[in-house]
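Letter by letter, the chains look like this.
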Amino acid sequence: MNAKEIMSRNPACVTPDSSVRDAVQLMRTEDVGLIPVVDSDQNRRLVGVITDRDVALRVVGDGMSGDTSVRDIMSENIHTAKPDDQLETVLDLMGREQVRRVPIVDEKGSLVGIIAQADIVRDGPSDKRAEKTVEQISRPR
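Residues numbered from 1 in each chain as written. Predicted model: local features only at pLDDT ≥ 70, side-chain atom pairs only at ≥ 80, totals over all residues. Heavy atoms only, no water.

Enquirer: How do you make sense of the pairing of strand β5 (residues 111-116) when you look at a structure like this?
Expert: Regular strands show a simple pattern: their side chains alternate between the two faces of the sheet. For strand β1 (residues 8-9) and β5, the ladder comprises two bridges, and the chain directions are antiparallel. Within the sheet, the bridge partner assigned to R9 lies in β5 and is G113. Connecting strand β4 (residues 101-105) to the antiparallel partner β5 that follows it, the hairpin turn spans five residues, and G109 within it adopts a positive phi of roughly 85°. (Pairing = 2+ DSSP bridges. Helix = DSSP H or I, 4+ residues; strand = E, 2+ residues; numbered from the N terminus.)

Put into structure tokens, the structure is as follows:
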């Protein structure tokens, strides 16, 4: 099974110039905890992500405002996968790096999808591999 077979396609995203408030409103609308950050709406080259945890720790925790730019709090060193990567490779990445979501990018680095922990449990293989990955993601560091 390849990543493209279970990824959510064309996820909603923001740009670095978007406000944190706009990103949070998009999280609420889309019912997600991570929004990819792309350099522009035209080419959608992935440059980072913003998570609900980033907002809680960096914005609320540090007393920033909702008008803060996404670029000021986004995570930039993102682990990604390609649409044709084997699902096993994506599961290994998620477990090793303890991440619940992996953006899927094409050969140009443009965002084409995302695989979340829920996608794996819902649509992934029905063996113990999904269970093991969730366990690895959730273990204390």
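There's plenty left to go through after this.
Enquirer: I'm lost on the sheet that holds β1 in this one. Help?
Expert: Backbone hydrogen bonds are what pair the strands of a sheet, in a parallel or an antiparallel way. Pairing within the open sheet is antiparallel, and its three strands lie in the order β1-β5-β4. For this open sheet the edge positions go to β1 and β4, each flanked by a neighbour on one side alone. With five bridges joining them, β4 and β5 adopt antiparallel strand pairing. Across the sheet, R101 pairs through a bridge with A116, a residue of β5.

Enquirer: Looking at this model, I keep getting lost on the environment of P36. Mind explaining?
Expert: For P36, the position within the fold is in strand β2 (residues 34-38). The exposure class assigned to P36 is buried, which follows from its relative accessible area of 1%. Between the alpha carbons of P36 and Q117 there is a distance of 16 Å; along the sequence they are 81 residues apart. In this structure P36 touches P11, A12, C13, V14, L46, G48, V49, L111 and I114, once residues within four positions along its chain are discounted. (Buried < 20%, exposed > 50% of the residue type's maximum accessible area, 1.4 Å probe, protein only. Contact = heavy atoms within 4.5 Å.)

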